[in-house]
Every structure is written in C-alpha cells, then in structure tokens.
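The residues making up each chain are set out below.
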Amino acid sequence: MAEAPYLRIAADLRRRIAAGELRPGDRVPSTRVLVREWGVAMATAAKALSVLVQQGWVRAVPGSGTVVADRTPAKPPLGRDALVRAAIALADAEGLGALSMRRLAAEVGVGPMALYRHVPDKDELLRLMADAVLGEAELPEPGPAAWRPRLELAARAQWRAYRRHPWLAPILLNSLVRPPVLAAGLRLIDWSLRALAGTGLRRRVKLQVIMTLNGWVGGLAVSNAFEVQAEQDTGITGDQRQEADMAVLAEYLGSGRFPVLTEVMTGVEDVGLDEAFEFGLRCQLDGIAVLLGEH
C-alpha cells in the first residue's frame with residue numbers, strides 16, 4: 001500500500017532537518033509552498049506539518065510560522081551541589097587561582113549572576129567546597145576504641161583529602177585557631193575527641209591535642225599546596241625548580257659555612273612528602289603517648 005502523501009511530505013522534511021539543511025529556528029516550508037511543491041491539497045500539507053509538530057521536529061511560532069525545533073537535550077537545572085562540584089573540579093585541575101565566579105559560570109554554561117542564586121559570594125563557595133571534600137573522609141563507626149589507632153585514622157583521612165585536593169589546606173589553615181565552621185570539620189573533631197575519652201585529660205588539653213595534630217597535618221599539606229599551585233601557574237614542576245637550584249645549593253654546601261648540614265645531606269636522597277608525613281605522624285603520636293603517661 002502506498003504511503004499517504006502527508007507522511008511522505010513529513011518524512012522529507014524530517015530528512016532535511018536531520019541533514020542540517022534546515023536548522024533549529026529556520027522556517028520550514030509553509031502549507032502554500034508545500035501545496036505548490038507536492039501538488040497536494042491544503043489540508044494534506046497542513047496535516048504533514050501537524051505530524052512534525054506532534055513528533056517534536058517543528059513548532060509553531062505566532063507571527064513567524066512554523067520553525068525547526070531545537071532538539072538538543074536540555075541541561076538539568078543548576079543546583080548548589082552541582083555548582084560546588086564544578087568548582088571543585090576546576091580547582092583540582094587548575095588551582096584556586098583559576099577559580100573566579102565568572103570562570104565558574106562559563107564552566108557550567110550560565111551567566112555569572114545566576115551563580116548568586118545559590119551562593120552569596122566566593123568566600124561561601126570556598127567554604128562549601130571545603131565542606132564537601134572534607135566530608136568524603138572515611139571515618140568508620142564506631143571505629144577503634146584505642147586512642148592511637150583512632151587518631152592515626154583521623155590524620156590519614158585528612159592527609160588523603162589534602163593530597164586529592166591541594167587547595168583545601170590553605171582554606172582550612174587560613175586560621176588554625178578559628179578555622180571556617182564546616183559540618184565535616186566538626187564531625188572529624190568530634191570523632192577524634194572520642195579517642196581521648198577516659199584518658200583523664202582536661203577538656204582544654206583534649207582540644208589542644210587535636211588542634212596540634214590537625215595543625216601539623218594541615219601545615220605539611222600547605223607546603224604541598226604552594227608547590228602544586230606554583231606548578232599550575234607556571235608549568236614548571238618542583239623537580240625542575242630544584243634542579244635549577246642545585247648549582248646554588250652545591251655552592252653553599254661547598255663553602256664550608258654549613259658543615260653539619262653538608263655532612264647530613266651528603267649521599268642522602270630527597271625526603272618525599274609522604275615519607276615526611278609517615279615519620280612526622282609517628283612522632284606526633286609518640287608525643288601524645290608521653291602526655292598520657294604511656295612511655
């Protein structure tokens with residue numbers, strides 16, 4: 001059985017749209033044009049356009065006729081979580097120096113003012129970013145009962161977060177005494193403080209213990225953050241900078257002005273960041289053991 005004329009007309013218009021001959025927003029042939037081109041009745045031409053409207057290929061625009069519809073999948077509405085995740089991805093890739101409200105708006109495909117419906121300013125955006133990535137820290141429940149393995153887990157959870165997101169440390173360590181208030185940060189401190197329950201330490205000393213441990217982990221992470229940011233800004237790696245400085249270092253060590261340092265460094269390989277963390281963590285925990293009377 002021959003295909004109905006209106007279906008042949010609709011199929012031809014679909015082909016032209018799919019081939020790009022007619023683009024979104026272009027006017028499609030009017031019923032009068034279709035009548036003339038196909039030699040059909042006005043009702044048949046109108047029925048062909050009606051089929052395309054129902055299928056979503058075209059749409060009627062008052063005053064303009066029938067135009068090709070934009071069939072590009074619509075982006076999901078921008079929410080605060082999606083915005084924060086996009087900001088985290090940008091900071092991970094290019095550092096905090098690349099993160100601006102204008103740049104972020106371009107990344108998510110909206111106007112800059114649209115961002116302010118979700119966050120009042122960049123400071124709040126940074127706080128939300130820090131809260132999100134620190135919230136990824138794995139703190140098992142109920143977790144170890146003994147203080148040492150519990151505090152070790154807490155320190156390692158922070159270190160992993162800092163290593164994954166080097167920009168995190170400068171945000172959290174902007175003020176060690178009064179860091180930004182984060183739900184994830186409060187969770188970490190509460191979880192860590194449980195390690196000192198029943199130790200007999202005064203409440204103030206318990207807070208000092210946690211502040212000292214967290215501050216040491218964060219301080220080591222800040223030095224890494226500066227190196228990562230410098231590499232992102234300049235394209236020069238830390239190893240390349242160190243290699244460039246070797247001649248100056250060799251001159252100083254050969255001058256005889258620093259005999260002890262020269263003796264210690266001779267033949268010793270560089271200390272890596274993770275190695276420094278492992279050594280320092282043992283020293284931190286051993287110091288807390290002395291404080292608790294566990295010699």
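Residues numbered from 1 in each chain as written. Predicted model: local features only at pLDDT ≥ 70, side-chain atom pairs only at ≥ 80, totals over all residues. Heavy atoms only, no water.

### Comments concerning the packing of helix α8 (residues 147-164) against helix α11 (residues 203-234)
Interhelical geometry of α8 versus α11 gives an angle of 25 degrees and a closest axis separation of 10 Å. Of the possible angle classes, the one that applies to α8 and α11 is roughly parallel. Once α8 is placed against α11, the crossing between them reads as right-handed. Counting all contacts with α8, which are made through Leu151, Ala155, Gln158, Trp159, Tyr162 and Arg163, the residues of α11 involved are Ile210, Leu213, Asn214, Val217, Gly218, Leu220, Ala221 and Asn224. Residue composition of the contact of α8 with α11, grouped by class: 9 nonpolar, 4 polar and 1 charged. (Axes fitted to C-alpha atoms, helices over the stretch in contact; angles between N-to-C directions. Helix = DSSP H or I, 4+ residues; strand = E, 2+ residues; numbered from the N terminus. Parallel < 35°, antiparallel > 145°, perpendicular 65-115°, else oblique. Left-handed = near helix turned anticlockwise from the far one by under 90°. Contact = heavy atoms within 4.5 Å. Nonpolar A, V, L, I, M, F, W, Y, C, P; charged D, E, K, R; others polar.)

### Comments concerning the environment of Val110
Structurally, the position occupied by Val110 is in the loop between α5 (101-108) and α6 (112-115). A residue is classified by how much of its surface remains accessible, and Val110, at 27% relative accessible area, is partly exposed. For the pair Val110 and Ile288, spaced 178 residues apart in sequence, the C-alpha separation works out to 51 Å. Beyond its immediate chain neighbours, meaning those up to four positions away, Val110 contacts Leu78, Ala105 and Leu115. (Buried < 20%, exposed > 50% of the residue type's maximum accessible area, 1.4 Å probe, protein only.)

### Let's talk about helix α14 (residues 273-291)
Over its 19 residues, α14 runs 27 Å from end to end, which matches the ideal 27 Å to within 8%, given 1.5 Å per residue. Here α14 has its buried residues at Phe277, Gly280, Leu281, Leu285, Ile288 and Ala289. Looking at the buried residues of α14, the elements they touch are α8 and α11. Following α14 by one or two positions, Gly293 has its phi on the positive side, about 80 degrees. (Expected span 1.5 Å × (residues − 1).)

### What to know about the packing of aromatic side chains
Within the structure shown, the criterion is met by 2 aromatic pairs. Aromatic side chains Trp159 and Phe277 sit 4.7 Å apart centroid to centroid with 5 degrees between the ring planes, which places their arrangement in the stacked category. Of this pair, Trp159 sits in helix α8 while Phe277 is found in helix α14, placing the two residues 118 residues apart along the sequence. Relative to Phe277, the ring of Trp216 has its centre 5.7 Å away and its plane inclined at 20 degrees; by these criteria the two rings are stacked. Linking Trp216 in helix α11 with Phe277 in helix α14, this pair joins segments that are 61 residues apart in sequence. (Phe/Tyr/Trp six-rings, centres within 6.5 Å; stacked < 30°, edge-to-face > 60°.)

### Focus on the pairing of strand β1 (residues 58-61)
As paired strands, β1 and strand β2 (residues 65-68) are joined by 4 bridges and run antiparallel to one another. Bridge pairing in β2 links Ala60 to Thr66. Between β1 and β2, which pair antiparallel in sequence order, lie 3 residues; one of them, Gly63, sits at a positive phi of approximately 85 degrees. (Pairing = 2+ DSSP bridges.)

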